[in-house]
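What follows is each chain in one-letter form.
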Amino acid sequence: MNRGTITDIDFFSESLQEDIHLLVYLPANYSPLYKYSVLIASDGKDYFQLGRISRVVDEYLEQGDIENLIIVGVPYKSVEDRRQKYLPNGEKHEAYLRFLAHELVPYIDEHYSTYQMGMGRALIGDSQAATVSLLAAIQYPNIFGKVLMQSPLVNENVLEKVQQVQDVHAFSIYHVIGTKEHEVITMDKSIKDFLTPNRALHELIVNKGFSTFYDEFEGNHSWKFWQPDLKRVIKQNFSI
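Residues numbered from 1 in each chain as written. Predicted model: local features only at pLDDT ≥ 70, side-chain atom pairs only at ≥ 80, totals over all residues. Heavy atoms only, no water.

(A) Quick look at the packing of aromatic side chains. Applying the stated criterion to the full structure yields 11 aromatic pairs. One aromatic cluster is present, formed by F11, Y86, Y96, F99 and Y107 through successive ring pairs. One cation-aromatic arrangement involves R82 over Y76; the distance from NZ or CZ to the ring centre is 5.3 Å. (Phe/Tyr/Trp six-rings, centres within 6.5 Å; stacked < 30°, edge-to-face > 60°. Lys NZ or Arg CZ within 6 Å of the ring centre and 35° of its normal.)

Written out as structure tokens, the structure reads:
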């Protein structure tokens with residue numbers, strides 16, 4: 001099987017005033033003669049190492065099942081850094097959203113052969129990274145056309161932002177949650193119910209009229225279940 005390449009890139013963010021480490025996957029067939037969709041992954045290192053997302057994409061491309069795809073992973077630096085950037089009340093949250101939309105996207109479009117439109121760009125994340133993916137699309141609906149969420153953290157702030165969305169046709173939503181995620185031990189060692197708020201979020205998404213896919217898998221809040229789900233995520237959202 002032909003395998004793509006993963007390159008480490010250091011990128012200085014004016015919005016965040018810090019160096020951001022990027023992981024950029026280019027498929028084996030990459031050529032500037034073709035156009036590529038882009039998948040941006042917060043929790044980027046986890047998606048490559050724990051999710052093995054590049055291998056999933058390699059296999060589908062080899063079989064001719066999906067469109068040409070570039071993956072850009074944005075790793076977090078620490079648990080606290082993740083919280084500050086991904087959560088709505090985080091000190092760096094707004095700056096991180098600006099970084100994604102106004103710095104990272106232009107950089108990708110300048111350096112790679114991409115479809116330079118919203119439907120050619122998707123955001124993916126697990127847990128808090130899923131939350132920030134949704135909030136980025138809400139804030140910049142013309143830049144991001146797909147949101148792929150695995151077990152997002154949902155609170156009243158998130159529900160309120162979804163409720164305020166005017167153009168529900170600007171982006172589509174892939175949304176999964178585990179049936180055993182009613183008692184999740186979070187990184188700060190507290191126990192939270194993820195399942196009930198996610199069901200409320202799904203009901204709101206449906207009532208608002210978003211284009212959405214929703215499923216509850218038999219499992220808990222871990223990569224043991226997110227990793228196998230990635231095959232469906234990729235096939236369903238990037239199939240030819």
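On we go.
(B) Spotlight on a positive patch on the surface. Together, R3, R52, R55 and K231 make up a positively charged patch on the protein surface. Looking at where K231 falls in the secondary structure, it is placed in helix α8 (residues 223-238). Classification of K231 by relative accessible area gives partly exposed; the value is 43%. (Patch = residues over 30% accessible without salt bridge, like charges linked within 9 Å, V, L, I, M, F, W, Y side chains within 5 Å. Areas by Shrake-Rupley, 256 points an atom, 1.4 Å probe, with all protein chains shown as cover. Salt bridge = Lys/Arg side-chain N within 4 Å of Asp/Glu carboxyl O. Lys, Arg positive; Asp, Glu negative; His and termini not counted. Charge placed at Lys NZ, Arg CZ, Asp CG, Glu CD. Helix = DSSP H or I, 4+ residues; strand = E, 2+ residues; numbered from the N terminus. Buried < 20%, exposed > 50% of the residue type's maximum accessible area, 1.4 Å probe, protein only.)

(C) Representation of the pattern of salt bridges. Counted by the stated rule, this structure contains 11 salt bridges. E18 is paired through a salt bridge with K92; the nearest N and O atoms lie 3.1 Å apart. Taken together, the positions of E18 in strand β2 (residues 18-26) and K92 in the loop between α3 (79-86) and α4 (93-111) put the pair 74 residues apart, joining distant regions of the chain. Look at E18 and you get buried, because its relative accessible area is 10%. K92 gets classed as partly exposed once you look at its relative accessible area, which sits at 27%. Via salt bridges that share partners, E18, K77, D81, K85 and K92 belong to a single interconnected network.

(D) Focus on the layout of surface pockets. Looking at the largest pocket, its volume works out to about 370 Å³. R82, S127, Q128, T186 and M187 are the residues nearest the centre of the largest pocket, which is lined by 25 residues in total. Ranked by the residues each element gives to the lining of the largest pocket, the list is headed by α3, at four residues. Across the lining of the largest pocket, the residue classes tally to 11 nonpolar, six polar and eight charged. (1 Å grid on protein atoms, 1.4 Å probe; cavity = no way out; pocket = protein on both sides within 12 Å on 5 of 7 lines; lining within 4 Å. Points joined across faces, edges and corners; volume = space filled by probe spheres on them. Nonpolar A, V, L, I, M, F, W, Y, C, P; charged D, E, K, R; others polar.)

(E) Layout of the packing of α4 against helix α5 (residues 128-139). Across the interface, α4 lies against α5 with an axial gap of 10 Å and an inter-helix angle of 70°. For the element pair α4 / α5, the angle class is roughly perpendicular. Note that α4 runs across α5; the crossing there is right-handed. Across from H93, E94, Y96, L97 and L100 in α4, the residues of α5 making contact are V132, L135, A136 and Q139. Taken together, the residues that form the contact of α4 with α5 break down as six nonpolar, two polar and one charged. (Axes fitted to C-alpha atoms, helices over the stretch in contact; angles between N-to-C directions. Parallel < 35°, antiparallel > 145°, perpendicular 65-115°, else oblique. Left-handed = near helix turned anticlockwise from the far one by under 90°. Contact = heavy atoms within 4.5 Å.)

Function cannot be read off these values alone, since they describe shape.
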